[in-house]
Amino acid sequence: MNYTELGQEILSLVGGRDNVSGLTHCATRLRFNLRDEGKAQTEKLKETPGVLGVVQSGGQYQVIIGNDVNHVYKPIMAICKLDEGDARAQNGEKKGWGSRLIDTITGIFTPVLPAITAAGMLKAVLALCTAFGWLTAADSTYQVLNFMADAAFYFLPVLLANSAAKKFGCNPYIAMLLGGMLLHPNFIAMVTAAKETGEGVSFLGLPVYAASYSSSVIPAILIVLAQSYIEPVADRISPKAIKFFTKPLITALVAGLLGLLVLGPVGYIVATWIADGINALNTYAGWLVPLILGAFFPLMVMTGTHYGIIPIGINNRMTTGFDTIVYPANLCSNIAQGASSFAVALKTKKEKVRELGWSAGITAVCGITEPALYGVNMRYKTPLIAACVGGGAGGLFVGLMGVRNYAGGSPGLMTLPGYIGERGFYDLSNACIGAVIAFVVSFAVTWFLFHDEDEGLKAAAGEETKKEKEAASCLENASVQILAPVSGTLVPLSEVNDPTFAQEILGKGFAIRPADGTFVSPVEGEVVMVFNTEHAIGLRSADGAEVLIHVGLDTVNLNGEHYHALVKAGDKVKPGTPLLKVDLDAVGKAGYDVITPVLVTNTSEFADIVCNAPGQIEAGQPAARAFR
């Protein structure tokens, strides 16, 4: 897969870089903040190869990619030249308070999840080592691994301060300074001494709350939120000549004192209340919330609201040492989704669905469910229902057993050792039983409810509808003619100085060294895509060939300069319809090769692509033929 091309196409279909005010990504999806979601071509995005689905939720336009999301994210960020901290503009858009809250929580916690996951996995490895007697707490090896794992949790306020600053649009380094103030050894020593002696800590007579903020969640976020309002004021009141010194001084001093005196204590108390409430709920109905979350977690993922409860699980572990609600329930839900995907893979007669079901199922049981959710379960409905039933059944069991998660991480088979803790193997064994229940129930329900025909698939393998047979008969032995889109010298793709084209990774075709800058349509059909940089145009012919015209190599870096598109997505074209005007001389002077690959991107749907012999060619003359 060419991630740069996919990123460019996605950016074009969400309305271009001018429509993007912000972009982040999680484990499987791109999370856009769009200025106008109406400009996004959602249906075309859903049909784009490499895109598993599209969700509009929580104030974000989310494009589901899968595990390769980071590779697609980077080229989009390079084109948009976005500042990841440019978030105040995003939050200033007119959205409901619920959407803004979910968007804010997502933006703060998504960037730190890899660090927390890594720490959780280290804790899981340590739990295994001690459970099997390979290490003891007295071993220096254990102690080294332990502080490595604890680092992400202990310094969580600093990590959250950084991501919160980027979300709130303020200086992330001052934010990390503020987070570090909460964890400074001298402050910790003062708090410890105050608790031991009963003598309070004060600043100019004002009491400083004696709280330990290591591993805390809420205090740092509140302090950085305050910083985001203090910083602009400091900027306005600072004399221009010394602003470099006074702006950070005022921001750090005011926000720091406000945090130590007011916001830190408020966040600490709120976190304690949440933990106490969870404990009370567990005392009287410990089975209820895991049951509900286990059943409805897929629906929460669909809407993005699951990011609103992940902090509760983190807060539970930071305040009580374990979580009995979010992570155990999420484990059962993820396993159930994987089971549904596996059942579809075993029962379907369609090869592509089978392959997707197996790969998405494996990813889901390991803790990442979006490929299974959007690629299989949502697409065919009954597997999604089965996953909800199975997740609820498993959630009920872990709730009744009071299963505790001690380490976090992405809930799945890989993080099961995170259930080894102070009660030995009790929590691990019951977590495994809950996962098995979720898997068996979800698999069984999917197996009995899912049918290819009922799910809207194309009947059984080898069987075709009457319409398909007629279409196949009409197309048998037919071919599609591809004309030259520009006058110049026709050359084979192997002469293109770019392995993506030369090795036919994107499809077979030909290249032309253009003699002029007027490019016309090589087929009759429809414009399906014009890259926002206007250096490439995608067409779909009436005969079913998908043709990409890519004018120049690496010309995406010109950001549209010297290019002028004459058509837009959705326009109908005929052979010879003008598509694009390019100042070839200017492109060449800018240091770019103007050779133009012309590709049939759905080459796999044709028996062969045969190109004309190299030589001079005029626009509109036959250049290649695609045989079925």
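Structure: above.
Please read these numbers as outputs of a predicted model, since none were measured by experiment. (Residues numbered from 1 in each chain as written. Predicted model: local features only at pLDDT ≥ 70, side-chain atom pairs only at ≥ 80, totals over all residues. Heavy atoms only, no water.)

Engineer: Let's hear about the overall build of the protein chain: which residues, and what values?
Structural biologist: From N to C terminus, the protein chain includes 22 helices and 20 strands. Counting the 628 residues in the protein chain, one finds 51% classified as buried. Excluding contacts between residues fewer than 6 apart, the proportion of contacts in the protein chain whose partners are at least 24 apart in sequence is 71%. Summed over its atoms, the accessible surface of the protein chain is roughly 27500 Å², and 61% of this surface lies on carbon and sulfur atoms. (Helix = DSSP H or I, 4+ residues; strand = E, 2+ residues; numbered from the N terminus. Buried < 20%, exposed > 50% of the residue type's maximum accessible area, 1.4 Å probe, protein only. Contact = heavy atoms within 4.5 Å. Areas by Shrake-Rupley, 256 points an atom, 1.4 Å probe, with all protein chains shown as cover.)

Engineer: Account for the packing of helix 17 (residues 370-380) against helix 18 (residues 382-401), naming residues and giving values.
Structural biologist: How two helices sit against one another is set out by the angle between their axes and by the gap between those axes. Running from amino to carboxyl end, helix 17 crosses helix 18 at an angle of 100 degrees, the nearest separation of the two axes being 4 Å. It follows from the interaxial angle that helix 17 and helix 18 lie roughly perpendicular. Two secondary-structure elements touch here, helix 17 through Leu 373, Asn 377, Met 378 and Tyr 380 and helix 18 through Thr 382, Pro 383 and Leu 384. Residues that form the contact of helix 17 with helix 18 fall into these classes: five nonpolar, two polar and no charged. (Axes fitted to C-alpha atoms, helices over the stretch in contact; angles between N-to-C directions. Parallel < 35°, antiparallel > 145°, perpendicular 65-115°, else oblique. Nonpolar A, V, L, I, M, F, W, Y, C, P; charged D, E, K, R; others polar.)

Engineer: Could you give an account of helix 11 (residues 218-237), naming the residues involved and the relevant values?
Structural biologist: For helix 11, with 20 residues, the first-to-last C-alpha span of 29 Å sits near the 28 Å given by 1.5 Å per residue. Within helix 11, the axis deviates most sharply at Tyr 229, by approximately 25 degrees, and proline Pro 232 lies no more than four positions further along. Turning to helix 11, its buried residues number three or more, namely Pro 219, Ala 220, Ile 221, Ile 223, Val 224, Ala 226, Gln 227, Ser 228, Ile 230, Glu 231 and Ala 234. (Expected span 1.5 Å × (residues − 1). Bend = angle between axes of the 7 residues up to and from the residue.)

Engineer: Give me the lowdown on the sheet that holds strand 15 (residues 572-573), citing residues and values where you can.
Structural biologist: Taking strand neighbours across the sheet as the criterion, the eight strands line up as 15-11-12-13-17-9-8-19 in an open arrangement whose pairing is antiparallel. In this open sheet, the two edge strands, each paired with only one partner strand, are strand 15 and strand 19 (615-617). Here strand 13 (residues 546-550) runs beside strand 17 (residues 596-600); their pairing, made up of three bridges, is antiparallel. Across the sheet, residue Ile 549 finds its bridge partner in strand 17, namely Val 598. (Pairing = 2+ DSSP bridges.)

Engineer: Any chance you could break down a nonpolar patch on the surface for me, citing the residues and the numbers?
Structural biologist: The grouping of Trp 287, Leu 288, Ile 292, Phe 296, Leu 299, Leu 396 and Leu 400 at the surface amounts to a nonpolar patch, some 580 Å² of accessible area in total. Among the elements of the structure, helix 13 (288-303) and helix 18 are those that each provide at least two residues to the nonpolar patch. For the nonpolar patch, the element with the most residues is helix 13, which contributes four residues. Secondary-structure assignment places Ile 292 in helix 13. For Ile 292, a relative accessible area of 40% gives the class partly exposed. (Patch = residues over 30% accessible without salt bridge, like charges linked within 9 Å, V, L, I, M, F, W, Y side chains within 5 Å. Salt bridge = Lys/Arg side-chain N within 4 Å of Asp/Glu carboxyl O.)

Engineer: How would you explain the packing of aromatic side chains if you had to name every residue and give the values?
Structural biologist: Enumeration over the complete set of coordinates arrives at 12 aromatic pairs. Their ring planes at 10 degrees and their centres at 6.2 Å tell us that Phe 187 and Tyr 213 sit as a pair that is stacked. With a gap of 26 residues between them, Phe 187 in helix 10 (residues 185-197) and Tyr 213 in the loop between strand 6 (206-208) and helix 11 connect regions that are remote in the sequence. This pair shows no difference in class: Phe 187 is buried, exactly as Tyr 213 is. Between the aromatic rings of Phe 439 and Phe 443, the centroid separation amounts to 6.1 Å while the plane-to-plane angle is 10 degrees, which identifies the pairing as stacked. Here Phe 439 and its partner Phe 443 are both found in helix 19 (residues 426-449), four residues apart, which amounts to about one turn of the helix. (Phe/Tyr/Trp six-rings, centres within 6.5 Å; stacked < 30°, edge-to-face > 60°.)

Engineer: Just give me the short version of the sheet that holds strand 10 (residues 518-520), but keep the residues and values in it.
Structural biologist: Pairing in this open sheet of three strands is antiparallel, and the strands run 10-16-14 from one edge to the other. Of all strands in the sheet, those bounded by a partner on one side alone are strand 10 and strand 14 (563-565). Geometrically, the sheet is characterised by an average inter-axis angle of 20 degrees between neighbouring strands, direction not taken into account. The sheet contact formed by strand 10 and strand 16 (residues 578-582) spans three bridges and is antiparallel. The partner of Phe 519 across the bridge, within strand 16, is Leu 580.

What is shown is where atoms sit, not what they do.
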